[in-house]
Amino acid sequence: QVQLVESGGGSAQAGGSLRLSCAASGVFFSTYAMGWFRQAPGKEREFVAAISWNSITKYYADSVKGRFTISRDNAKRALYLQMSSLKSEDTAVYLCAARRSGRYNYAADYDYWGQGTQVTVSS
């Protein structure tokens, strides 16, 4: 019921910023919690950030706290990830995901996924 498409990835220098967007379609989008995950080559998919349906609750991985900000605009059917103070360790494919319930930081509990957008940070 939900289709997700990420955009905004690209290359940035260490210390720079990027803003990722996730465009969603689906009648029930506003009822879904949303999350961002990332996956680097040879590594497992890891949790980055999550946000409740009403934006009241937000969660961040320790590795991105203070640097990344997750937000959503239900009227626009969009999810965002503002990434600042980028590090080379942030290089990965970033994926947005949606879920009705489950563990906010556990990829297997998300029901829908985008195709991913590449973020490359050089130093």
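Owing to the predicted nature of the structure, the values given are computational and were not obtained by experimental measurement.

K.L.:
I tried to follow the overall build of the protein chain on my own but got confused; where do I start?
P.N.:
Check the secondary structure of the protein chain and you find 0 helices and 11 strands. The secondary structure elements of the protein chain, listed N-terminal to C-terminal, are β-β-β-β-β-β-β-β-β-β-β. In terms of overall size, the protein chain behaves like a compact globule, its C-alpha atoms giving a radius of gyration of 13 Å where 123 residues would be expected to give roughly 14 Å. Principal-axis analysis of the C-alpha atoms gives the protein chain an extent of 40 × 25 × 25 Å.

K.L.:
What am I meant to see in the packing of aromatic side chains here?
P.N.:
In this description, a pair of aromatic rings is defined by centroid distance and the angle of the planes. On inspection of all chains with the given rule, the structure shows 7 aromatic pairs. Ring geometry for F37 versus F47: centroids 5.7 Å apart, planes at 75 degrees, classification edge-to-face. Taken together, the residues F37 in strand β4 (residues 33-39) and F47 in strand β5 (residues 46-51) connect sequence positions 10 residues apart. Residue classification places F37 among the buried residues on the basis of a relative accessible area of 1%. Here the aromatic residues F37, F47, Y59, Y104, Y110 and W113 are joined through ring pairs into a cluster of three or more. Positioned above the aromatic ring of Y32, the side-chain terminus of R100 is 5.4 Å from the ring centre.

Criteria and thresholds
- Residues numbered from 1 in each chain as written.
- Predicted model: local features only at pLDDT ≥ 70, side-chain atom pairs only at ≥ 80, totals over all residues.
- Heavy atoms only, no water.
- Helix = DSSP H or I, 4+ residues; strand = E, 2+ residues; numbered from the N terminus.
- Rg over C-alpha atoms; globule rule 2.2 N^0.38 Å.
- Phe/Tyr/Trp six-rings, centres within 6.5 Å; stacked < 30°, edge-to-face > 60°.
- Buried < 20%, exposed > 50% of the residue type's maximum accessible area, 1.4 Å probe, protein only.
- Lys NZ or Arg CZ within 6 Å of the ring centre and 35° of its normal.

Everything listed here is a matter of coordinates, which is why it stays silent on function.
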